[in-house]
Amino acid sequence: MTGPQTSSNDRAAQEPSPRDHAVRTAPQEPSPRDHAVRAAPQEPSPRSHAVRAAPRRTLQLAPPQPEQGGELFVSDQPSVRIECEGVRVSAVIPARNEAGNLAYVFGRLPDDLHELILVDGHSTDGTVEEARRLRPDVKVVHQQGHGKGDALSEGFAAATGEVIVMLDADGSTDPREIPRFVAALCAGADFVKGSRYAQGGGSSDLTPPRRIGNSLLCGLVNTLYGTHYTDLCYGYNAFWGRCLPYIRLDVPGFEVETLINVRIARAGLLIQEVPSYERPRLEGTSNLKAVRDGLQILRTIGLERMRISQRRGLTALRDSNLAVLAGLLRRPGSR
Ligand SMILES: Nc1nc2c(ncn2[C@@H]2O[C@H](COP(=O)(O)OP(=O)(O)O)[C@@H](O)[C@H]2O)c(=O)[nH]1
Ligand SMILES: [Mg+2]
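## Some thoughts on the overall build of the protein chain
Summing up its helical and strand segments, the protein chain has 11 helices and 10 strands in all. Here the analysis covers contacts within the protein chain between residues at least 6 apart in sequence; of these, 83% occur between residues at least 24 apart.

Below you can see the structure in the form of structure tokens.
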């Protein structure tokens with residue numbers, strides 16, 4: 001937990017600008033095998049064209065080793081390491097009454113993590129105490145608002161690593177997959193998205209209604225934004241901290257992953273899917289209600305689309321006003 005501190009608050013406060021694009025290193029095109037998802041930006045810039053035309057290169061990722069069937073675990077397994085030199089990785093874990101699951105989750109974290117941030121959502125089961133008992137170095141953020149989206153927003157703001165990994169506290173997302181996510185970032189991706197549908201991924205947690213809902217919503221986002229996502233509503237992702245200004249989280253609940261995926265795609269960043277295996281939560285019950293939260297996700301997709309259209313309209317209006325003004329200014333000189 002050492003090294004220079006970069007404030008994510010500062011980063012999040014910045015508005016994305018063309019300069020942000022210009023300063024980042026040109027990402028490499030991943031191979032189709034690695035499920036690269038290239039978003040077609042809605043308002044392409046010269047920069048995003050340049051990125052898309054980058055030469056292809058195969059990303060060297062650790063081969064997926066899914067453990068099928070949701071069987072339990074193990075803290076006596078050999079430890080894993082991220083091994084991406086000079087890159088500090090912050091793990092952000094939202095938790096609401098997950099005390100019984102933390103030993104499993106924390107026990108599987110890579111040894112060389114820069115920091116572990118647990119965002120507590122007003123838990124009443126001793127989650128915070130258990131987290132501190134297991135990992136005295138854990139950074140606890142006491143969430144002010146409510147919901148997973150709000151928790152992630154507060155957790156991202158507290159992160160000081162160059163890379164942020166978001167995963168769940170219920171044991172469904174395996175922390176031992178973190179090196180796979182970080183390797184894809186270090187190989188050139190801007191944003192790495194876990195996918196249960198990519199080859200080598202899977203889920204023993206998805207119920208039929210959730211599977212259908214996820215697939216319909218994913219299809220809708222792909223149609224609207226020209227993406228090729230294979231999974232949408234999954235909470236295991238990793239990204240460079242410099243992507244935060246593009247994400248600008250402003251939703252409280254489970255619609256958060258969808259919003260992140262839409263905004264990252266709109267920004268024209270290089271998105272890489274990696275396979276991930278989701279197990280059923282170990283203890284406790286899910287906070288998600290399939291119908292309520294499914295409808296909220298649908299609403300979020302619609303609102304985001306409207307927001308983009310309004311912005312486009314305002315840009316067009318501004319451009320036409322500027323053209324009129326330029327015409328008026330030219331007249332005296334042209335006489
Ligand atoms: N801090 C915080 N964490 C939450 C909240 N709601 C859900 N979570 C966490 O988000 C993760 C995913 O939530 P979960 O209930 O398992 O939803 P599911 O995986 O979609 O069934 C878990 O680690 C939860 O503890 C919340 O309001 N605040
Ligand atoms: Mg869960």
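The rest of the description comes next.
## What to know about the site of ligand 1
Around ligand 1, 21 residues are found, and the nearest of them are Pro94, Gly121, Ala151, Ser286 and Asn287. Sorting the residues of the shell around ligand 1 by element identifies strand S2 (89–95), strand S3 (115–120) and helix H6 (148–158) as the ones contributing at least two each.

## Focus: the confidence of the model for the protein chain
Scored by pLDDT, the protein chain comes out at a mean of 81, with 76% of its residues at no less than 70. Residue range residues 1–35 is modelled with pLDDT below 50. Its contacts to residues more than four positions away, or to other chains, number 67 contacts.

## Description of helix H7 (residues 178–186)
With respect to burial, H7 is a largely interior element, 9 of its 9 residues being buried. Residues of H7 that are buried: Ile178, Pro179, Arg180, Phe181, Val182, Ala183, Ala184, Leu185 and Cys186. Elements in contact with the buried residues of H7: S2, strand S5 (163–166), strand S6 (191–195), strand S8 (237–240) and strand S9 (270–275). Positioned one or two residues after H7, Gly188 has a phi angle of 130°, which is positive.

## Re the pairing of S2
Counting buried residues in S2 gives 7 out of 7 residues, a clear majority hidden from the surface. The alternating pattern of S2 places Val89, Ala91, Ile93 and Ala95 on one face and Ser90, Val92 and Pro94 on the opposite face, and all of these are buried. Bridge analysis of S2 against S5 gives 4 bridges, and the strand direction is parallel. Across the sheet, Ser90 pairs through a bridge with Ile164, a residue of S5. Bridge analysis of S2 against S3 gives 6 bridges, and the strand direction is parallel.

## Comments concerning the environment of Glu257
Its location among the elements puts Glu257 in helix H10 (residues 256–266). Given 23 C-beta atoms within a 10 Å radius, Glu257 is considered buried. Glu257 sits 20 residues away from Asn237 along the chain, and the two C-alpha atoms are 8.9 Å apart. Not counting residues within four places of it along the chain, the set of residues in contact with Glu257 comprises Leu232, Cys233, Tyr234 and Gly235.

## A few points about the pairing of S6
For a regular strand, side chains alternate in direction, first toward one face of the sheet and then toward the other. Counted residue by residue, S6 has 5 buried out of 5 residues, so it is predominantly covered. Of the two faces of S6, the one lined by Phe191, Lys193 and Ser195 and the one lined by Val192 and Gly194 are each fully buried. Direction of pairing for S6 relative to S8: antiparallel, over a ladder of 3 bridges. Counted as the bridge partner of Val192 is Ala238 from S8.

## Looking at the nonpolar core
Residues Ala91, Val92, Val165, Val182, Leu185 and Ile264 are the most contacted members of the largest nonpolar core, which totals 73 residues. For this core, the leading source of residues is H7, giving 7 residues. Beyond its immediate chain neighbours, meaning those up to four positions away, Val182 contacts Ile82, Cys84, Val87, Val89, Val163 and Ala238.

## Describing the environment of Pro252
Along the chain, the position of Pro252 falls in the loop between helix H9 (244–247) and H10. In the structure, Pro252 is positioned 99 residues away from Ser153 in sequence and 8.7 Å away in space, judged by C-alpha atoms. The residues touching Pro252, leaving out its near neighbours within four places in the chain, are Gly145, His146, Gly147, Gly149 and Asp150.

## Some words on helix H8 (residues 208–225)
Along its 18 residues, H8 runs 26 Å from first to last C-alpha, staying within 8% of the 26 Å computed at 1.5 Å per residue. By the burial criterion, the buried members of H8 are Gly213, Asn214, Leu217, Cys218, Val221 and Tyr225. Here the buried residues of H8 occupy an arc of 130° about the axis, which is enough to place them on one side. For H8, exposure combined with an orientation more than 90 degrees from the buried face picks out Pro208, Gly219 and Thr223. Phi turns positive one or two residues past the end of H8, at Gly226, with a value near 65°.

Definitions and limits used
Residues numbered from 1 in each chain as written. Chains lettered and ligands numbered in written order. Predicted model: local features only at pLDDT ≥ 70, side-chain atom pairs only at ≥ 80, totals over all residues. Helix = DSSP H or I, 4+ residues; strand = E, 2+ residues; numbered from the N terminus. Contact = placed C-beta atoms within 7 Å. Near = placed C-beta within 6 Å. pLDDT = per-residue confidence, 0-100. Buried ≥ 20, exposed ≤ 12 C-beta atoms within 10 Å, placed from the backbone. Pairing = 2+ DSSP bridges. Core = buried A, V, L, I, M, F, W, Y, C linked by C-beta atoms within 7 Å. Expected span 1.5 Å × (residues − 1). Arc of directions from axis to C-beta.

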